Amino acid sequence: MTEDTTESDRNGESDTVTDVGSDPVEADASEAMAAETESEAVDVGTVEHVADLARVNLESGERERFVGQFADILEYFETLDEVPEVERDPELTNVMRPDEISESLDRAETLRNAPETEDGQFKGPRVS
Amino acid sequence: MSHNGYITEQEIQGRDNGPLAGRTVAVKDNLSTEGVRTTCGSDMLAEYVPPYDATVVERLKQAGATITGKTNMDEFGMGTTTETSAFGPVENPAAPGHVPGGSSGGSAAVVAAGDADLALGTDTGGSVRCPAAFCGVVGIKPTYGLVSRYGLVAYANSLEQVGPIASTVEEAAELLEVIAGPDDRDATTRDATDHGTDYEFAAAANGDIEGLSVGVPTELVEGAQPGVREQFWAAIDDLEAAGASSREVSLPSVEHAVEAYYVIAMGEASSNLARYDGVRYGSPGGYEGDWNDSFARSREDGFGEEVKRRILLGTYALSAGYQDKYYRKAQDARAWVQQDFDAAFEAVDVLASPTMPVTPFELGESLDDPLRMYLADANTTPVNLANLPALSVPVGETDGLPVGLQLVGPAFGEKRIIRAGSALA
């Protein structure tokens, strides 16, 4: 998707809004092509790398769809370059309280939603 | 049930008396209910039963409310249509064949259909106001820190608030009165009485807007569909007839609100949703392989496509080399939006815009084009970035589809927008 299309979406010209993506198959194909021609930053390798960092396996089809969609979305995010540097107001304050012992959930309740437990502890897969 | 508004219909009885005695309240399914499953609209939490109540749920019970059940929602709150739910889409009772808006679509739908008197939703980038507008009901997004988030399953902590949905502004204000107030289990809550106001929200719904000045940010009106604009300006005429004055104002920063919102929300989501590892809770587990393999496969099965998309984009925006380009620029934009609103409130009492620039999509229409869905949040996301209160009131229909008007106030200005909104609904 080009920046022009993005602009007209924002301006809400209803024709454009209604037409975009009305045919999912065609939209996918054109998005994939747009990704190839307009953005060298996003390819299947990029999506796989980020999925690996995030520890999320992708189902078949998702990887391919994400390539085109990420190219569009990241291109849109790049309009943040137009934002001027802003002096930020550091009005944040830490909210502290004394560390006091109070009631908490008991062990059985805490473990109740775990798929697997052993000796009153969570059981996870092997580490490596 | 015909609209698929509930994920779990189960009555939870509050105390015998209190301000909400005899009233039914539906609760969005990302708010923890002790002993009643809380799915967040996700397969990942399909069997999750919280061992404790969210603070807002505790306060509903204390106030004598009868909880009717847990409402359908976009998975983990990630959507503008309630179509990303693992439990199927919700249909808009006010516009058959159309989406109810999202992500609190179930909450708005059950109120619009008369299945509950009131409902709680959560609003991270418009998730209370959008479905309120699309379903022809009232929704309030409170000032950040007015309502406790303890027990709300986190999506983007720095942006989200729990808010009421009702048929009238007065009823929404009554529910807000019950859930608002500091909570020592949420360190981001603040006491309204420290900020020059109090909690008498329902009493503020008196329709008295004599002398109120209303600013209309041109950037949030120009982009709306013609039919939406028509209803919006008719409502501004109504406000003027009731004694208010209006003038146009400019908020140039809001042109960048959607992208700033999505960068920040996706970044926070990628971190928050790392807790779903299939070990402490989550989908069944038992996969072969080491921790990383098992983790990645549990998340493949447990998360839907929109959730994966946001986790991956958030991970990307926060990864080495891209943090300055996306995340820091988004924080700059957030500060700029805050300053723009501050300046506007020096000139006017409240700001008004269409809640949504578009009318409800047809079911299935926007699913294949995530960017198009994100752009629909143009008018609601600036408010979350600026931590401000806002409400959406119904202002009629265009082509049989509901239109909502959004009123935004300064921080802790809930009473002001409630008073203004009560002149309309």
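Everything that follows concerns the structure shown earlier in this document.
Residues numbered from 1 in each chain as written. Chains lettered and ligands numbered in written order. Predicted model: local features only at pLDDT ≥ 70, side-chain atom pairs only at ≥ 80, totals over all residues. Heavy atoms only, no water.

Draft legend 1. Broad picture of the side chain of Asp277 of chain B. All names here are of chain B. Tracing the backbone through its elements, the reader meets Asp277 in the loop between helix 7 (257-272) and helix 8 (291-302). Asp277 gets classed as buried once you look at its relative accessible area, which sits at 8%. Engagement of the side chain of Asp277 in a polar contact is seen with the backbone nitrogen of Val279, the distance being 2.9 Å. Ignoring any residue separated from it by four or fewer positions in sequence, one finds Asp277 in contact with Trp291, Phe295 and Ser298. (Helix = DSSP H or I, 4+ residues; strand = E, 2+ residues; numbered from the N terminus. Buried < 20%, exposed > 50% of the residue type's maximum accessible area, 1.4 Å probe, protein only. Polar contact = N/O pair within 3.5 Å; in protein donor to acceptor, adjacent residues only side chain to side chain. Contact = heavy atoms within 4.5 Å.)

Draft legend 2. How the structure looks around the interface of chain A and chain B. Counting from both sides, the interface comprises 57 residues of chain A and, opposite them, 65 residues of chain B. Carbon and sulfur atoms make up 62% of the area that chain A and chain B hide from each other, which totals about 5,700 Å². Here chain A and chain B share four salt bridges between them. Contributing elements (two or more residues each) for the side of chain A that touches chain B: helix 1 (3-10), helix 2 (14-19), helix 4 (44-53) and helix 5 (62-77) of chain A. Taken together, the residues of the side of chain A that touches chain B break down into 28 nonpolar, 11 polar and 18 charged. (Buried area = accessible area lost by both parts, 1.4 Å probe. Salt bridge = Lys/Arg side-chain N within 4 Å of Asp/Glu carboxyl O. Nonpolar A, V, L, I, M, F, W, Y, C, P; charged D, E, K, R; others polar.)

Draft legend 3. Representation of the nonpolar core within the structure. Counting 75 residues, the largest nonpolar core has Phe77 of chain A together with Phe76, Tyr276, Leu312, Phe341 and Leu351 of chain B as its most contacted members. Looking at this core, the element that brings in the most residues is helix 7 of chain B, giving 10 residues. Counting 60 residues, the second-largest nonpolar core is a separate cluster that includes Ile140, Val221, Ile236 and Phe412 of chain B. (Core = buried A, V, L, I, M, F, W, Y, C linked by side-chain atoms within 4.5 Å.)

Draft legend 4. The pairing of strand 4 (residues 118-123) of chain B, seen in detail. All names here are of chain B. Where burial is concerned, most of strand 4 is hidden: six out of the six residues are buried. Across the two faces of strand 4 the burial is the same, with Leu118, Leu120 and Thr122 and Ala119, Gly121 and Asp123 all buried. By the bridge criterion, three bridges tie strand 2 (residues 24-28) to strand 4 in an arrangement that is parallel. Of the residues in strand 4, the one forming a bridge with Ala26 is Ala119. Of the strand pairs in this sheet, strand 4 and strand 6 (residues 161-166) are connected by six bridges, and their pairing is antiparallel. Paired with Ala119 across the bridge in strand 6 is Ile165. (Pairing = 2+ DSSP bridges.)

Draft legend 5. Spatial organisation of unusual backbone geometry. Residues and elements named next belong to chain B. Here the bond from Gly102 into Ser103 is cis, since omega is 10°, no more than 30 degrees from zero. If you check the backbone angles, Thr82 has positive phi at about 60° while not being a glycine. One can find Thr82 in the loop between strand 3 (66-71) and helix 2 (105-112). Given a relative accessible area of 0%, Thr82 falls into the buried group.

Draft legend 6. Structural detail: the state of the cysteines. In total, this model carries zero disulfides over all chains according to the counting rule given. Here Cys135 of chain B is not disulfide-linked; the sulfur of Cys130 of chain B is the nearest cysteine sulfur, at 8.5 Å. (Disulfide = S-S within 2.5 Å.)

Draft legend 7. Seen up close, helix 4 of chain A. Buried residues of helix 4 of chain A: Thr46, Val47, Val50 and Ala51 of chain A, and no others. Buried residues of helix 4 of chain A fall within an arc of 130° about the axis and therefore sit on the same side. For helix 4 of chain A, the secondary structure elements touched by its buried residues are helix 5 of chain A together with helix 9 (305-318) of chain B. For helix 4 of chain A, the N-terminal capping position is held by Asp43 of chain A, with its side-chain oxygen 3.0 Å away from the main-chain nitrogen of Gly45 of chain A. Downstream of helix 4 of chain A by a residue or two, Arg55 of chain A has a phi angle that is positive, lying close to 55°. (Arc of directions from axis to C-beta.)

Draft legend 8. View of the sheet that holds strand 11 (residues 401-408) of chain B. All names here are of chain B. Spatial ordering of the open sheet is given by 1-3-2-4-6-5-10-11-9-7-8, a layout of 11 strands whose pairing is mixed. Strands at the two margins of the open sheet, each flanked by one partner only, are strand 1 (6-13) and strand 8 (245-249). Pairwise comparison of adjacent strand axes, ignoring direction, gives a mean angle of 25° for this sheet. On top of the sheet, helix 4 (residues 169-179) reaches strand 2, strand 4, strand 5 (138-141), strand 6 and strand 10 (390-398); it is set at about 145° to strand 6, its chief contact. In the packing of helix 10 (residues 323-347) onto the sheet, the strands contacted are strand 7 (213-217), strand 8, strand 9 (350-354) and strand 11, and the crossing angle to strand 9 comes to about 115°. (Axes fitted to C-alpha atoms, helices over the stretch in contact; angles between N-to-C directions.)

Draft legend 9. Representation of the packing of helix 7 of chain B against helix 10 of chain B in the model. All names here are of chain B. One can describe the packing of helix 7 onto helix 10 by two numbers: an axis separation of 9 Å at closest approach and a directional angle of 125°. Relative to helix 10, the element helix 7 lies oblique. In this structure, helix 7 meets helix 10 at a crossing whose hand is left-handed. Contacts between helix 7 and helix 10 involve Ala260, Val263 and Ile264 on the former and, on the latter, Tyr326, Tyr327, Ala330, Gln331, Ala333 and Arg334. Tallied by class, the residues present in the contact of helix 7 with helix 10 amount to seven nonpolar, one polar and one charged. (Parallel < 35°, antiparallel > 145°, perpendicular 65-115°, else oblique. Left-handed = near helix turned anticlockwise from the far one by under 90°.)

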